[in-house]
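# Residue-level structure breakdown
Single-letter residue listing:
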Amino acid sequence: MAIRYGVQADSEEECAEGLARLVDAGMIPIMLPKYLSDGRWMARAVPQGRPPVREPADR
């Protein structure tokens, strides 16, 4: 199983800030902030050394 770090937040801005902190710590973003059906925002990152996962172009 691969290691992933996630950010959950109440707003897109908070989620983006949390993801930026992970990037500042050397992580690679694999999921930009997305609104989930339960009213939360989520983003994910992985440690460097893994190839980044590309998101589909149509969102």
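Provided above is the structure to which this section pertains.
Residues numbered from 1 in each chain as written. Predicted model: local features only at pLDDT ≥ 70, side-chain atom pairs only at ≥ 80, totals over all residues. Heavy atoms only, no water.

On to the sheet that holds strand S1 (residues 5-9), then. With antiparallel pairing, the three strands of this open sheet are ordered in space as S1-S3-S2. Whereas interior strands pair on both sides, the edge strands pair on one side only; in this sheet they are S1 and strand S2 (27-35). Strand-to-strand twist across the sheet, computed as the mean angle between neighbouring axes with direction ignored, equals 15°. Strand contacts of helix H1 (residues 12-24): S1, S2 and strand S3 (41-47), with the helix running at about 175° to S2, the strand carrying the most contacts. (Pairing = 2+ DSSP bridges. Helix = DSSP H or I, 4+ residues; strand = E, 2+ residues; numbered from the N terminus. Axes fitted to C-alpha atoms, helices over the stretch in contact; angles between N-to-C directions. Contact = heavy atoms within 4.5 Å.)

Our next topic: the pattern of salt bridges. A complete count under the given rule lists two salt bridges for this structure. For Arg-21, the salt bridge is made with Glu-17, and the minimal N-O distance between the two is 2.9 Å. Highlighted residues: Arg-21 and Glu-17, both in helix H1, separated by four residues, approximately one helical turn. Looking at Arg-21, the relative accessible area reads 57%, which means it is exposed. In this structure, Asp-38 and Arg-40 form a salt bridge, with 2.6 Å as the shortest nitrogen-oxygen distance. Residue Asp-38 is classed as partly exposed on the basis of its relative accessible area, which comes to 48%. By relative accessible area, Arg-40 is classed as partly exposed at 27%. (Salt bridge = Lys/Arg side-chain N within 4 Å of Asp/Glu carboxyl O. Buried < 20%, exposed > 50% of the residue type's maximum accessible area, 1.4 Å probe, protein only.)

The next thing to look at is H1. For H1, spanning 13 residues, the distance from its first C-alpha to its last is 18 Å, which sits close to the expected 18 Å at 1.5 Å a residue. Every buried residue of H1 is listed here: Cys-15, Gly-18, Leu-19 and Leu-22. The arc that holds the buried residues of H1, viewed along the axis, is 100°, so those residues lie on one side. Opposite its buried face, H1 presents the exposed residues Glu-13, Arg-21 and Asp-24, each directed more than 90 degrees away. The secondary structure elements touched by the buried residues of H1 are S1, S2 and S3. One or two residues past the end of H1 sits Gly-26, with phi positive at roughly 100°. (Expected span 1.5 Å × (residues − 1). Arc of directions from axis to C-beta.)

Core analysis: the largest hydrophobic core is formed by nine residues, namely Val-7, Ala-9, Cys-15, Leu-19, Leu-22, Met-27, Trp-41, Ala-43 and Ala-45. At the level of secondary structure, the elements contributing two or more residues to this core comprise S1, H1 and S3. When neighbours within four sequence positions are excluded, Met-27 is seen to be in contact with Tyr-5, Leu-22, Ala-45, Val-46 and Pro-47. (Core = buried A, V, L, I, M, F, W, Y, C linked by side-chain atoms within 4.5 Å.)

Read these as geometric descriptors, not functional statements.
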